[in-house]
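Summary of structural features
Below are the chains, spelled out letter by letter.
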Amino acid sequence: MSKIFWVTTTLFFHFLSYASLPQSFDPNISEELRMRDGMPNLFKKTNNKSNITIGFIGGSITRQTGWSDNVFTWFQNQYKDISFTEINAAVPGTGADFAASRVKDNLLIHKPDVVFIEYRVNGGGGYEARAIEGLIRQIWETDPNIDICFVYTVGEWMLDRLMNGKQYGFGIIIEEMANKYGIPSIDFGVEVVKQLKANQLVFKNSNPVEGKVVFSKDGVHPNTDGHKIYSDIAIRSILSMHEIGESGPHTIPNPIVYNHFSNSSLLSVHNVIKSSGWQSVDINTDAVYISDRYRTNSMLSDALKCSKVNETLTFNWEGDLICFTTIPQGKGMEVEIIIDNGAPETFTFEQSSGNVYFSKFFYAKQQEVGQHTSKLKVTKLPDGTSIYIGQAMVHNLPSESNIEDKQKPFKEVHTIPGRIEAEDFDTGGEGIAFHEVNTNKKSETNYRSEQDLDVEIETKPNQSNGHIISWTRDNEWLEYTIQVKNTGEYMIKAMATARNDAMEQKGLHLFLDGKALTDKISVTPSDDWFSDWAEYSVNTKLEAGEHVLRVKFFTTSRWCINLDYLEFIAKP
């Protein structure tokens, strides 16, 4: 049998086995290749011998000379009569949130035909679902003919889950997006743990080990052999997708989250108002700035610095999130952020690695979408240091792309007096009918599962309606459209529990049509916060008519409360 016939036959049956599968996979399970809709536009160009631009975006693993370069070289050797261009837009120490702010200027401007996205290791700055969906939508809104492929690299902390066939962390969220958008994914970790189990590989070691492949020195960044494992997996996966999918523009479905980062930008420090103590940084000679030059230049771009406390920078911006960039030095460097004359937030920074000054970014508290003013004030500086501030990320500028048509009741308008089940909040999406911080934790019930919500709803048979809202975080909220029959005094009872964190405050706060309706309602923490339910009551006055009720959660610890229902009782 000829080699050509064997390869063709193998690919044909490989194609048949995948073509029969549904385009939906369990996001909690790790598999080496999930083809989904494949990369048909890329292979149409290889068949037509057209020039091709290959883009890579991710963190330091993709920025290293390694797997991405190996894959690009393979393309050149595989298709010798085609001209290939490589655009490596990866930036060390950054995640998908930063990518969403810069993808247009750093990558899409070069008109790639395919983009390989690598962010399982680096995450999304705490906004993983919003970041990765915004990145996908920006690529296809720029050119729907660009093929996308997710690749999953490995950190030592992932190995326990991967060894048991489980997907890790951000990979679960990316897999959900991949299912929704039909994007193929390649998990490098499956082969890595296969070789670990076979005792052929050592994941982390500073020195060679006889008879085994040493994957990395630090437990995350592959050495040459580690990168070869990655690129071999990528190449065989790419070959398997040669006949998968139909070429043409990719369809952009309705989003999973409605405040995705598809409308993000970078705000230059040249556009801020500064006090007199700031000066421009010479990015070519400044010793702190050039200590880790590529990462710093990518993250901060042009920068300002000052060596005195109480100096300020004022940023005027539009959106719901702002993220600042800096270069920590020494121990105890501190700034204060005030947005729209609100309560100050304090951020403290510490140099993390010897004489190398690694830049970083930090988010201020999320705001309502709109125009904002943020004042950054320097409050502490270690002796002999200057603080550096670079460009800011701004997310969720108002646009049609991240707004659903309108807010609507889930089943029907809630009639007052009466009971509102906490899980029956309005439809309309993230930032419109609810705000969810903890997008990594999904509902543990099928209730409302068809709506692709990030809000945690759990089954509790002994509770009202058999479901509760659980695992809330500070500043999260839910909204309900209500119809008050009669103007008058009402008692509101909240059935709730709270996790027992010593000396912490937690509870809920009610708003009606944007104005505070009650004082904050504190919920007493309990050791058994999923069973020890209690009613907490507050009195208020309601005007007859239709209103929007917001339930906003607060806590000074990580987790807030569980909520079963709100009961509105008319007072005599």
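Rules used in this analysis
- Residues numbered from 1 in each chain as written.
- Predicted model: local features only at pLDDT ≥ 70, side-chain atom pairs only at ≥ 80, totals over all residues.
- Heavy atoms only, no water.
- Pairing = 2+ DSSP bridges.
- Helix = DSSP H or I, 4+ residues; strand = E, 2+ residues; numbered from the N terminus.
- Contact = heavy atoms within 4.5 Å.
- Axes fitted to C-alpha atoms, helices over the stretch in contact; angles between N-to-C directions.
- Parallel < 35°, antiparallel > 145°, perpendicular 65-115°, else oblique.
- Left-handed = near helix turned anticlockwise from the far one by under 90°.
- Buried < 20%, exposed > 50% of the residue type's maximum accessible area, 1.4 Å probe, protein only.
- Right-handed = clockwise from strand over helix to strand, strands pointing away.
- Nonpolar A, V, L, I, M, F, W, Y, C, P; charged D, E, K, R; others polar.
- Salt bridge = Lys/Arg side-chain N within 4 Å of Asp/Glu carboxyl O.

Taking strand neighbours across the sheet as the criterion, the six strands line up as 1-6-5-4-2-3 in an open arrangement whose pairing is mixed. Both outer strands of the open sheet, strand 1 (33–34) and strand 3 (84–88), are each paired with one neighbouring strand and no more. In terms of strand pairing, strand 5 (residues 147–152) meets strand 6 (residues 185–187) through three bridges, oriented parallel. Across the sheet, the residue bridging to Phe-150 is Ser-185, located in strand 6. Contacting strand 1, strand 5 and strand 6, helix 8 (residues 170–181) crosses the sheet at an angle of about 155° to strand 5.

Another aspect to go through is the packing of helix 4 (residues 67–78) against helix 10 (residues 224–240). With their axes 8 Å apart at the nearest point, helix 4 and helix 10 run at an angle of 45° to one another. Taken together, the axes of helix 4 and helix 10 lie oblique to each other. Once helix 4 is placed against helix 10, the crossing between them reads as right-handed. Note on element contacts: helix 10 touches helix 4 through His-227, Lys-228, Tyr-230, Ser-231, Ala-234, Ile-235, Ile-238 and Leu-239, opposite Trp-67, Asn-70, Val-71, Trp-74, Phe-75 and Gln-78.

The strand order 10-13-18-15-16 describes an open sheet built from five strands, whose pairing is antiparallel. Looking at which strands have only one partner, the edges of the open sheet turn out to be strand 10 (273–274) and strand 16 (345–350). Across eight bridges, strand 13 (residues 312–319) lies against strand 18 (residues 370–380) in antiparallel orientation. Bridging from a neighbouring strand, Asn-316 pairs with Thr-373 of strand 18.

Here we come to the pairing of strand 4 (residues 114–118). Burial analysis of strand 4 places five of its five residues in the buried class, the great majority of the element. Here strand 2 (residues 52–58) runs beside strand 4; their pairing, made up of five bridges, is parallel. Note on strand 4: the bridge partner recorded for Gly-55 is Val-115. Where strand 4 lies against strand 5, four bridges are found, and the strand directions are parallel. The residue bridging Val-114 from the neighbouring strand is Asp-147, located in strand 5. Remark: the strand 4/helix 6 (residues 128–142)/strand 5 crossover connection has right-handed handedness.

So, about the side chain of Thr-62. By secondary structure assignment, the location of Thr-62 is in helix 3 (residues 60–63). Other than its neighbours up to four places away in sequence, Thr-62 contacts Phe-56, Trp-67, Ser-68, Asn-88, Ala-90 and Glu-118.

Another point: unusual backbone geometry. Put simply, Ile-416 and Pro-417 share a cis peptide bond, and its omega is 10°. Assignment of secondary structure puts Pro-417 in the loop between strand 21 (414–416) and strand 22 (418–421). Phi at Asp-340 is positive, roughly 50°, even though this residue is not glycine. Of note, Asp-340 is situated in the loop between strand 15 (331–339) and strand 16. Classification of Asp-340 by relative accessible area gives partly exposed; the value is 37%. The residue Asn-475 is not glycine, and still its phi comes out positive at about 80°. The buried category is assigned to Asn-475, whose relative accessible area is 15%.

Think of two packed helices as two axes; the pair is described by the angle between the axes and how far apart they sit. Direction vectors running N to C along helix 5 (residues 96–106) and helix 6 enclose 20°, while the axes themselves pass 8 Å from each other. By the angle between their axes, helix 5 is roughly parallel relative to helix 6. The handedness of the crossing between helix 5 and helix 6 comes out as left-handed. Contacts between helix 5 and helix 6 pair Ala-96, Asp-97, Ala-99, Ala-100, Val-103 and Lys-104 from the former with Ala-131, Ile-132, Leu-135, Gln-138, Ile-139 and Thr-142 from the latter. Considered class by class, the residues forming the contact of helix 5 with helix 6 number eight nonpolar, two polar and two charged.

The next point concerns the environment of Phe-553. As for its position among the elements, Phe-553 is in strand 33 (residues 545–555). Placed 265 residues apart in sequence, Phe-553 and Val-288 show a C-alpha to C-alpha distance of 41 Å. Those residues within four positions of Phe-553 in sequence are excluded, and the remaining contacts are Thr-472, Arg-473, Asp-474, Asn-475, Glu-476, Trp-477, Leu-478, Gly-507, Leu-508, Cys-560, Ile-561 and Leu-563.

Turning next to the pattern of salt bridges. As enumerated under the stated definition, the model contains 19 salt bridges in all. Close ionic contact of Glu-311 with Lys-308 constitutes a salt bridge, the shortest N to O distance being 3.5 Å. For Lys-308, a relative accessible area of 46% gives the class partly exposed. Salt-bridge contacts for Glu-567 lead to Arg-419; the nearest nitrogen and oxygen are separated by 2.6 Å. Residue Glu-567 is located in strand 34 (residues 561–570), and its partner Arg-419 is located in strand 22; the two are separated by 148 residues in the primary sequence. Exposure remark for Glu-567: the relative accessible area of 17% places this residue in the buried category. Assessed through its relative accessible area of 39%, Arg-419 is described here as partly exposed. Overlapping salt bridges, with partners in common, bring together Glu-31, Arg-34, Arg-36 and Glu-175 in one network.

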